[in-house]
Amino acid sequence: MADLRSDTVTRPTPGMREAMATAAVGDDVFGDDPTVNALENHVAALFGHEAALFAPSGTMANQIALQLVVPPGGELLAGADAHVVTYELGAAAVLGGISTRTWPSDGAALDADRIAGMIRPAGFPSVPTAAIAVEQTHNLGGGGVVSLSVLRDLRAVADAHAVALHCDGARIWHAHVADGVPLAEYGALFDTLSVCLSKGLGAPVGSLVIGSREKIARARLLRKRMGGGMRQAGILAAAGRYALDHHLHRLTEDHDRAYRIAAALAPYGVVDPDQVRTNLVPLDLSKSALDAPTLAAEAAKRDVLIAAMLPRTARLVTHLDLTDAAVDHAIAVLSELLA
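Residues numbered from 1 in each chain as written. Predicted model: local features only at pLDDT ≥ 70, side-chain atom pairs only at ≥ 80, totals over all residues. Heavy atoms only, no water.

1. Structural notes on the pairing of strand 6 (residues 164-169)
So, point 1. Counted residue by residue, strand 6 has six buried out of six residues, so it is predominantly covered.
So, point 2. With burial as the criterion, each face of strand 6 is covered, one bearing A164, H166 and D168 and the other bearing L165, C167 and G169.
So, point 3. With five bridges connecting them, strand 5 (residues 129-135) and strand 6 associate as parallel partners. Across the sheet, residue A133 finds its bridge partner in strand 6, namely H166.
So, point 4. Tracing the backbone out of strand 5, into helix 7 (residues 148-160) and back to the parallel element strand 6 gives a crossover that is right-handed.
So, point 5. Here strand 6 pairs with strand 7 (residues 192-196) via four bridges, running parallel. Bridging across to strand 7, C167 finds its partner in L193. (Buried < 20%, exposed > 50% of the residue type's maximum accessible area, 1.4 Å probe, protein only. Helix = DSSP H or I, 4+ residues; strand = E, 2+ residues; numbered from the N terminus. Pairing = 2+ DSSP bridges. Right-handed = clockwise from strand over helix to strand, strands pointing away.)

In structure tokens:
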């Protein structure tokens, strides 16, 4: 079986299970779980921020962060394909009373000047823009990496207009490894970040919200309101810390396997290998005889699992549990179907 649906399908390694089994725990709602506290302090330090908060999911982490920087009735600017817009079931509006306006997505390619031109100042009758959200790496953009220079330009735009800048950094670890940008350098550009431990790093669950000490104090209240206050969460935090210590730098293996898949499928006109820089391989089936659901269904019959993201877009994701033999099998099956 080659499961390429997502990098969230991984299972804890033996070493991770051992770390979970032996974790020191306490009641995190009271703030006294030592393993959770250590993870939060470690991740905050990695990104050069004052504090962080452990949350059960990436969606919750994003929504907490957005509520920290956008008041009810305020506006968030984001790409039309952004995770916070597309895959979080309208949570910004439902939970935070946040109005969202989008720019046309072109993956990880952002135009800071265009985004600057969209910002609306406070004052009747417009909805004032309070924050801008970017995604690193970009999911529907095929794991594309937003360049450091563009992020710096966007930070300058945010400063000039007195709006906040949020990073949905679910896979920021991949950008860090692919471009060699220190995590603290990314952290310095954003008011808030969310980072995920179960996408790519191999932990079974968990994300963190990162920001100032004041923001994270409020984030703790928002997490509780959303039902995300967990008790002896150190068992989960231990898995996340193990993942950071042991699985971060091996992400290059996932990048190499993703490129190998892309290069093998390139002759069928569905992917440009030069655009595959991290662990996501998008397949553009607009000129194929198969649409994405059909390709996924036929591949599944041959023990290859892929994700149909859009009617004509499929996605393959390499990860910790994927072997070279599984990659070879996936290439053989998908090549046969696409041919």
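So, next bit.
2. Quick look at the packing of aromatic side chains
So, point 1. Under the criterion given, the structure shown has one aromatic pair.
So, point 2. Centre to centre, the rings of F47 and W173 are 5.7 Å apart; their planes meet at 65°, and the pair counts as edge-to-face. One end of the pair, F47, is in the loop between helix 2 (34-46) and strand 2 (51-55); the other, W173, is in helix 8 (residues 172-179), and 126 residues separate them in sequence. Take F47 and W173: they sit in the same class, and that class is buried. (Phe/Tyr/Trp six-rings, centres within 6.5 Å; stacked < 30°, edge-to-face > 60°.)

3. Overview of the sheet that holds strand 6
So, point 1. With mixed pairing, seven strands are arranged side by side in an open sheet as 2-8-7-6-5-3-4. Single-partner strands in this sheet number two, and they are strand 2 and strand 4 (99-103). Strand after strand, the sheet turns through a mean of 20° between neighbouring axes, direction not considered.
So, point 2. Looking at chain direction, strand 3 (residues 75-79) and strand 4 are connected through five bridges and run parallel. (Axes fitted to C-alpha atoms, helices over the stretch in contact; angles between N-to-C directions.)

4. Section: the sheet that holds strand 12 (residues 313-317)
So, point 1. Pairing is antiparallel across the open sheet formed by three strands, whose spatial order is 9-12-11. Bordering the open sheet on either side are strand 9 (280-284) and strand 11 (307-310), each of which pairs with just one other strand. The sheet shows a mean angle of 35° between the axes of neighbouring strands, direction not considered.

5. Notes on the environment of Y242
So, point 1. Relative to the helices and strands, Y242 is located in helix 11 (residues 234-246).
So, point 2. The exposure class of Y242 is buried, given its relative accessible area of 19%.
So, point 3. Counting along the chain gives 33 residues from Y242 to Q275, while the straight-line C-alpha distance between them is 31 Å.
So, point 4. The contact partners of Y242, leaving out residues within four places of it in the chain, are T13, G15, M16, A19 and H247. (Contact = heavy atoms within 4.5 Å.)

6. Concerning helix 12 (residues 251-265)
So, point 1. Taking 1.5 Å as the rise per residue, helix 12 with 15 residues should run 21 Å; its terminal C-alpha atoms sit 21 Å apart, in good agreement.
So, point 2. The complete set of buried residues in helix 12 reads L251, D254, H255, R257, A258, I261, A262 and L265. The arc that holds the buried residues of helix 12, viewed along the axis, is 165°, so those residues lie on one side.
So, point 3. Next to the buried residues of helix 12 lie helix 8, strand 9, strand 12 and helix 14 (324-338). (Expected span 1.5 Å × (residues − 1). Arc of directions from axis to C-beta.)

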